[in-house]
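Chain and residue survey
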Amino acid sequence: MQFLSDPVTVAKAKSMAKSMDPVTLLHITATPEYAEPIDRTVEIGKPLDPDIRFENDLGNLNRFPLEILLEIVEHLDVASAMDFSMANRMARHVVARSSVTFIKKWAPKLPRDLWLARIPRRFAVWELKEAIRSKHCISCGQLACSIWLVEMVRCCVQCMQHFPANWCLTKAQTTAAFALPLDEIAKIGPIFAIGMREEDVIVNSSRGKDVLGCWVYPIRRTLARAMELYGSREAIKTAAQQIRTGIQDPRFAVVQNSVSVSEFDCDKFRAARLEPLTPAQLYSGEFRHVWALSSIANGNAICAPIVPHAQKQLFIYACRGCVALLRHPSVVHPHLGSFDDETKRWLNIDQSRTANETYFEVCWRPYRMRSIDGMVEHIQTECLGGLSMIYKKRAASGPDATGF
Ligand SMILES: [Zn+2]
Ligand SMILES: [Zn+2]
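All of the points below concern the structure found in this document.

Reading guide: rules and limits
Residues numbered from 1 in each chain as written. Chains lettered and ligands numbered in written order. Predicted model: local features only at pLDDT ≥ 70, side-chain atom pairs only at ≥ 80, totals over all residues. Heavy atoms only, no water. Helix = DSSP H or I, 4+ residues; strand = E, 2+ residues; numbered from the N terminus. Buried < 20%, exposed > 50% of the residue type's maximum accessible area, 1.4 Å probe, protein only. Areas by Shrake-Rupley, 256 points an atom, 1.4 Å probe, with all protein chains shown as cover. Pairing = 2+ DSSP bridges. Core = buried A, V, L, I, M, F, W, Y, C linked by side-chain atoms within 4.5 Å. Contact = heavy atoms within 4.5 Å. Donors = N, O, S within 2.8 Å, 3.2 Å for Na, K, Ca; no water. Tetrahedral: all angles 85-135°; square planar, octahedral: opposite > 155°, others 65-115°. Arc of directions from axis to C-beta. Salt bridge = Lys/Arg side-chain N within 4 Å of Asp/Glu carboxyl O. Patch = residues over 30% accessible without salt bridge, like charges linked within 9 Å, V, L, I, M, F, W, Y side chains within 5 Å.

Once that is clear, we can look at the overall build of the protein. A tally of regular secondary structure across the protein gives 23 helices and eight strands. Across the 404 residues of the protein, 48% fall into the buried class. Of the roughly 19900 Å² of accessible surface on the protein, a fraction of 55% belongs to carbon and sulfur atoms.

We now examine the sheet that holds strand S7 (residues 301-303). On the basis of which strands lie adjacent, the open sheet formed by three strands has the order S3-S2-S7 and antiparallel pairing. The outermost strands of the open sheet, each flanked by one partner alone, are strand S3 (153-154) and S7. Alignment of strand S2 (residues 146-148) against S7, held across three bridges, turns out to be antiparallel. Each residue of the ladder has a partner; that of Ser 146, found in S7, is Cys 303.

On to the nonpolar core, then. Counting residues in hydrophobic clusters, the biggest one holds 43 residues, and the most contacted among them are Val 94, Leu 110, Ile 119, Leu 128, Ile 132, Leu 149 and Met 152. Elements with a minimum of two residues in this core: helix H3 (66-74), helix H4 (78-85), helix H5 (89-97), helix H6 (99-106), helix H7 (110-117), helix H8 (125-133), S2 and helix H9 (157-162). Setting aside residues up to four positions removed in sequence, Leu 110 forms contacts with Leu 128, Ile 132, Leu 149, Met 152 and Ile 302.

We now examine the coordination of the zinc ion (ligand 2). Coordination angles at a metal have ideal targets, namely 109.5 degrees for four tetrahedral donors and 90 or 180 degrees for six octahedral donors. The coordination sphere of the zinc ion (ligand 2) contains the protein donors Cys 319 (SG), Cys 322 (SG), His 378 (NE2) and Cys 383 (SG), at a distance range of 2.0 to 2.3 Å. Coordination geometry of the zinc ion (ligand 2): the four donor atoms subtend angles of 98 to 118° at the metal centre, consistent with an arrangement described as tetrahedral. Positions of the donor residues of the zinc ion (ligand 2), expressed as sequence spacing, correspond to C-x2-C-x55-H-x4-C. Taken as a pair, Cys 319 in strand S8 (residues 317-319) and Cys 383 in the loop between helix H22 (372-382) and helix H23 (384-396) lie far apart in primary sequence, 64 residues in all. Cys 319 gets classed as buried once you look at its relative accessible area, which sits at 1%.

With that settled, consider H3. Of the residues making up H3, those classed as buried are Leu 66, Leu 69, Leu 70, Val 73 and Glu 74. Down the axis, H3 shows its buried residues gathered within 145° of arc, on one side only.

The next thing to look at is the environment of Trp 346. Inspection of the secondary structure assignment puts Trp 346 in helix H20 (residues 341-346). Along the sequence, Trp 346 and Ala 11 sit 335 residues apart, while their C-alpha atoms lie 9.7 Å from each other.

Structurally, Arg 121 can be placed in the loop between H7 and H8. Each C-alpha atom, one on Arg 121 and one on Pro 190, is 8.9 Å from the other, the two residues being 69 residues apart in sequence. Not counting the four nearest positions on each side in its chain, Arg 121 is found in contact with Glu 127 and Glu 151.

To continue, consider the pattern of salt bridges. With the rule as written, the count across this model stands at 13 salt bridges. Residues Asp 77 and Arg 122 are paired through a salt bridge, measuring 3.5 Å at the closest nitrogen-oxygen approach. Linking Asp 77 in the loop between H3 and H4 with Arg 122 in the loop between H7 and H8, this pair joins segments that are 45 residues apart in sequence. For Asp 77, a relative accessible area of 14% puts it in the buried group. Salt-bridge contacts for Glu 382 lead to Arg 370; the nearest nitrogen and oxygen are separated by 3.6 Å. Here the residue Glu 382 occupies a position in helix H22, and Arg 370 occupies one in the loop between helix H21 (355-364) and H22, the gap between them amounting to twelve residues. Exposure class is identical for Glu 382 and Arg 370. Each is buried. Via salt bridges that share partners, Arg 353, Glu 357, Glu 361, Arg 365, Arg 368, Arg 370 and Glu 382 belong to a single interconnected network.

Now for the side chain of Thr 9. With respect to the helices and strands, the residue Thr 9 is situated in helix H1 (residues 7-19). On the accessibility criterion, Thr 9 (14% relative accessible area) is buried. For Thr 9, the residues in contact, after removing those within four places along its chain, are Leu 4 and Tyr 391.

Turning our attention to a nonpolar patch on the surface. Taken together, the side chains of Phe 64, Ile 68 and Ile 72 define a hydrophobic patch exposed on the protein surface, amounting to about 240 Å² of accessible area. Following the sequence through the fold, Phe 64 ends up in the loop between strand S1 (30-32) and H3. The class of Phe 64 is partly exposed, set by a relative accessible area of 36%.

Okay, structure coming up:
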């Protein structure tokens, strides 16, 4: 794709983008984010059937007002709520009034995916609903379409892949890196990494795809537990180093003898950050990518629509223009040169940003999710790829359209 390089043409493309209606603009430049199938036939907030007599059907439970029964259902997990709904007609109506209906409509596959992930923690119905209602990634604060099942929070795919706090370790690695005794580790719910062998969690290898899998422990949760026990990251690090210098337990030998786990890696996990890293930190070489770890995180995530209100979905989009910009010569051949000042200005990237920071900003933009308004503003102010697409589309529809 040829990108606009002349200020006059860019100005024209910008004025086209500004005069264009949002539907056409989105049609040219945006990809709607894929979400799980939604059952739009389910009606939320349907009133109770007036013919059903509440007193006769629920035994002793009929002494509770409906609000309290609903509150009880909200605190059950989905499977228990469904069991309760099958008790009789009245129970079915109570469950139908609860957030179970909300989940059935917007993320019907969520309970099944939770079961498949073998996450021991049972999430209550209200927790699933809150996750679907949330909008922003817990790590970077951007709009996100994926829910990380382990913590039942929104987390974008990029953050799951790149931030060490979202990765997982095996039991031996968890013990060694966080100095947690076995009884403390038992309090952290592990998740099951399907198709991964214990050694493959660190060694990024195609081996182990044919085996059943292993239990792994999310670093974010482990770190929280270790902080409770030791009080500070420095104390965790000191305790972990003491364990490593005086190995008595053969389980630590797995970490000690593995060629892929250097002192460097363990330091990284001990000091796993909860706040997002800047691109410069992330690619400085200090935080090496370990794709096997990120694949565990990704394997336990689902796409779910963002539904801030009971009936209204917030549609989000990825920018095709930013994907196209990945074919810009400065991205394809970064060694040949970086973005010039003019292009950085068009991309709304601060002039003080280094070539490296500019490069990674451009590489990350295709993964950002935006609302309709956010998308329109993005194209009009900072998306050279999107402007090029609009300009070319208009040029193809006739010379008059480009203003020549
Ligand atoms: Zn994120
Ligand atoms: Zn864009």
